Amino acid sequence: MKTIIILAHPNIEQSHINKSWIEALAKNNPEVHVHNIYKAYPDWNIDVASEQALLLGYDRVIFQYPFQWYNMPPLLKKWLDDVFLQGWAYGNGGENLQGKEFGVVISTAGIDEVYTGSVFGNISELLKPMESTAKFVRAKYISHHVFHGAYTPDVNDRLPKNIEEYLKFITK
């Protein structure tokens, strides 16, 4: 299955988790394409036709980003607004994403307990907008992969196992 990762990290070079995931992916799965939208569009002027054409070539689309303030980074939101247009992604004639698989990969600063049984909601609830977006464009939502506690002292102990799980999620 041809897979593209829409990477939306505002500062990937300073990231420990997202950068480690991408580096592991490059070593183990060079056929998976990583499209870094912050690098492609530093001026935020998205080439909609180019992005739409890019998506047509893939069966699986993974959105990868740091979870910030219970949401996606702002450029990813703009990218979705600009690229997923009526008549292309949904609505009359909007069948270009139908049947594709969508997944989400996120890192959080908050520890696991913040997202399980808390008043803020669990990750599945908080990612409901992405799941709903997939359903709206008639794609299949394949779930999510997460790394909690990106700044905790034990991050390097937990990361290798999480990378293995990440690679399985991307290539399943």
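Each value, and the rule that gives it
Residues numbered from 1 in each chain as written. Predicted model: local features only at pLDDT ≥ 70, side-chain atom pairs only at ≥ 80, totals over all residues. Heavy atoms only, no water. Phe/Tyr/Trp six-rings, centres within 6.5 Å; stacked < 30°, edge-to-face > 60°. Helix = DSSP H or I, 4+ residues; strand = E, 2+ residues; numbered from the N terminus. Buried < 20%, exposed > 50% of the residue type's maximum accessible area, 1.4 Å probe, protein only. Lys NZ or Arg CZ within 6 Å of the ring centre and 35° of its normal. Contact = heavy atoms within 4.5 Å.

Trainee: Before we move on, could you go through the packing of aromatic side chains and cite the residues and values that matter?
Mentor: One pass over the full model with this rule turns up 8 aromatic pairs. Here tryptophan 21 and tyrosine 166 contribute two aromatic rings whose centre-to-centre distance is 5.0 Å and whose plane-to-plane angle is 5°, an arrangement assigned as stacked. Here tryptophan 21 is found in helix α1 (residues 17-28), whereas its partner tyrosine 166 is found in helix α7 (residues 155-171), with 145 residues between them in sequence. By the burial criterion, tryptophan 21 is buried, and tyrosine 166 matches it. The ring of tyrosine 58 has lysine 2 lying over it, and the distance from NZ or CZ to the ring centre is 5.2 Å.

Trainee: Give a description of the environment of alanine 150 that names residues and reports values.
Mentor: Secondary-structure assignment places alanine 150 in the loop between β5 (140-147) and α7. The exposure class of alanine 150 is buried, given its relative accessible area of 14%. Each C-alpha atom of the pair alanine 150 and isoleucine 163 lies 13 Å from the other, and the pair is 13 residues apart in sequence. Once you skip the residues sitting within four places of it in the chain, alanine 150 turns out to touch Ile17, Thr108, Ala109 and Val155.

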